[in-house]
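Observations on chain architecture
Each chain, written out:
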Amino acid sequence: MAISACGTAYLAGLIGKYWFERYARLTVEIDVASEFRYREIPLSPQSAALFISQSGETADTLASLRYCKERGLKIGAIVNACESTIAREADAVFPILAGPEIGVASTKAFTCQLAVLAALAIGAARARGTVTEDELQALVRSLAEVPRVMGQVLNSIQPEIEFLSRELSKCRDVLYLGRGTSFPLAMEGALKLKEISYIHAEGYAAGELKHGPIALIDDNMPVIVIAPHDRFFDKTVSNMQEVAARGGRIILITDEKGAAASKLNTMHTLVLPAVDEIIAPMIFSLPIQLLAYHTALFMGTDVDQPRNLAKSVTVE
Ligand code: G6P
């Protein structure tokens, strides 16, 4: 299967790739839409292609969709605007039902795109027989938990987020790290921060730290580590140790088990409820988005209409 999109929608797709591959054992080719159609990827008409777009009008995503359509692929569209061009040209439309999203930087569309991608990956796993009935039920139960857990998180983290955002607003650069599905989330955290606060931020796979970005670490550089207590946790902690040893200021976003297991000096540890791996990206995206929002408020920037950005990009 192929997935393509731009910006935040692309990062949602990248998380979707992990899910389709893990649960449905479906290989996923993914790229940003502006590269996708020029790569001359060998695409089979037996394949499906999925395009993700909040507005359904993004020029690069639409051009990639048409590229795949011309080659006979079945086209699916994950959209918020169901009357959009991308929705009209797709064979199957999967609405995210987020309601109108006004702010330029995508937030609720991102979490709703993730919910739809998770549901599709679980559906594909069921159709392909790659998970047992018990596993399937557990996955569906976890998905159904999302609204409740999100409410709980939103009600509890606000004071800590404001404290951390005040600190971030004094910084020039911020590094985000994560492994597994927390890696695209790290990139999304960095994207949100730079879009609305104009602070330079980068999201990296935690394992890549030693291959370059570690050179940036000093006591001026906050490092936001997204690490639920999952299969990758111990590896991520060892990457955190590398940061701590170089005086980096760590903000660890984890869950209760992770907080108990990390045993590292952090600038702050933000503890979220422990949840099943499949819903962690949706839950962990809340502090990521709120950090960017409150940092931008402290900086006095326009959170809804950041400079130089447009909500819908209809030119290539
Ligand atoms: C613009 C917006 C981003 C969005 C991207 C893709 O760059 O500023 O927030 O993620 O377009 O938009 P789409 O409507 O296709 O999801």
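Residues numbered from 1 in each chain as written. Predicted model: local features only at pLDDT ≥ 70, side-chain atom pairs only at ≥ 80, totals over all residues. Heavy atoms only, no water.

What about the pattern of salt bridges?
Filter applied, for reference: When a carboxyl oxygen of Asp or Glu is within 4 Å of a side-chain nitrogen of Lys or Arg, the pair counts as a salt bridge. A run of H or I in DSSP becomes a helix once it reaches four residues, and a run of E becomes a strand once it reaches two; helices and strands are each numbered from the N terminus. Only protein chains enter the area calculation, which uses a 1.4 Å probe; residues under 20% of their type maximum are buried, those over 50% are exposed, and those in between are partly exposed.
The final tally for this structure, using the stated rule, is 14 salt bridges. Its salt-bridge partner being Lys17, residue Glu21 comes within 3.1 Å of it at the nearest N-O pair. Residue Glu21 and its partner Lys17 are both found in helix α1 (residues 7-24); the two are separated by four residues, about one turn of the helix. Given the relative accessible area of 24%, Glu21 is considered partly exposed. According to the relative accessible area criterion, Lys17 is partly exposed, its value standing at 22%. Across the salt bridge formed by Glu277 and Arg22, the nearest N and O atoms sit 2.9 Å from each other. A residue pair is termed long-range when its members are at least 10 positions apart, and Glu277 in the loop between β10 (268-272) and α11 (280-299) and Arg22 in helix α1 qualify at 255 residues. Here the salt bridges share partners, and the residues they tie into one network are Arg22, Arg231 and Glu277.

A few points about the domain arrangement of the protein chain
Here is the rule: Residue ranges labeled as domains rest on an automatic or database domain assignment. Contact definition: two residues touch when any of their heavy atoms are within 4.5 Å. When two parts are brought into contact, each loses some accessible area as probed by a 1.4 Å sphere; the total of that loss over both is the buried area.
By the assigned domains, the protein chain splits into domain 1 (2-144) and domain 2 (153-299). Computed over C-alpha atoms only, the centres of domain 1 and domain 2 are separated by 26 Å. Across the boundary between the two partners, domain 1 contributes 21 residues, which contact 20 residues of domain 2. Both sides together, the interface formed by domain 1 and domain 2 hides about 1,700 Å², and carbon and sulfur atoms give 74% of it. For domain 1, the biggest contributors to the area lost against domain 2 are Leu11, Tyr18 and Ser142; these three give 26% of the whole. Where domain 1 packs against domain 2, one counts one salt bridge.

A word on the packing of aromatic side chains
We describe a pair of aromatic rings using the distance from one ring centre to the other and the angle between the two ring planes. The condition is simple: Only rings of Phe, Tyr and Trp enter the pairing, Trp through its six-membered ring, and a pair is recorded when the two centres are within 6.5 Å. The plane angle decides the type: under 30 degrees is stacked, over 60 is edge-to-face, the rest tilted. The rule is short: NZ of Lys or CZ of Arg within 6 Å of the ring centre and within 35 degrees of the ring normal puts a charge over the ring.
All told, the structure shown has one aromatic pair when counted by the stated rule. A cation sits over an aromatic face here: Arg71 above Tyr67, 3.7 Å from the ring centre. When the ring centre of Tyr198 is taken as origin, the NZ or CZ atom of Arg307, which lies over that ring, is 3.8 Å away.

Some remarks on the nonpolar core
The cut-off we apply is this: Here, nonpolar core means buried Ala, Val, Leu, Ile, Met, Phe, Trp, Tyr and Cys residues that are tied together by side-chain atoms lying within 4.5 Å of each other.
Ranked by size, the top nonpolar core spans 72 residues in total, and within it Trp19, Phe20, Val174, Tyr176, Met282 and Ile283 carry the most contacts. When neighbours within four sequence positions are excluded, Ile283 is seen to be in contact with Val146, Val149, Met150, Val153, Leu272 and Val275.

Here's the deal with empty space enclosed by the protein
Unoccupied space between atoms shows up once a probe the size of one water molecule is rolled over them. Threshold: Here a cavity denotes a set of grid points, spaced 1 Å apart and computed over the protein atoms alone, in which a 1.4 Å probe fits but from which it cannot get out, and a pocket denotes an open set meeting protein on both sides within 12 Å along at least five of seven lines; residues with an atom within 4 Å of a point are reported as lining. Grid points are joined across faces, edges and corners, and a volume is the space filled by probe spheres set on the points. Note that Gly is not counted as nonpolar here; it falls among the polar residues with everything else outside the nonpolar set of Ala, Val, Leu, Ile, Met, Phe, Trp, Tyr, Cys and Pro and the charged set of Asp, Glu, Lys and Arg.
Going through the model one piece at a time under the given rule, you end up with one cavity of 30 Å³ or more. Taken as a whole, the largest cavity encloses approximately 30 Å³ of empty space. Grouping the constituent residues of the lining of the largest cavity by class yields five nonpolar, two polar and two charged.

Here's the deal with the environment of Leu114
Positionally, Leu114 belongs in helix α5 (residues 108-128). Looking at Leu114, the relative accessible area reads 0%, which means it is buried. For the pair Leu114 and Pro281, spaced 167 residues apart in sequence, the C-alpha to C-alpha distance is 7.9 Å. With sequence-adjacent residues up to four places away left out, Leu114 is seen in contact with Ala12, Ile15, Trp19, Pro281 and Met282.

Quick look at the pairing of strand β1 (residues 2-5)
To be explicit about the condition: A clockwise path from the first strand over the helix to the second, with the strands pointing away from the viewer, defines a right-handed crossover. By definition, two strands form a pair when at least two bridges between them are found by DSSP.
A two-sided burial pattern is seen for β1, the buried positions comprising Ala2 and Ser4 on one face and Ile3 and Ala5 on the other. You can see the chain leave β1, run along α1 and come back into strand β2 (residues 29-32), and the turn it takes is right-handed. Bridge count for β1 against strand β3 (residues 48-53) is four bridges, and the pairing is parallel. Across the sheet, the residue bridging to Ala2 is Ala49, located in β3.

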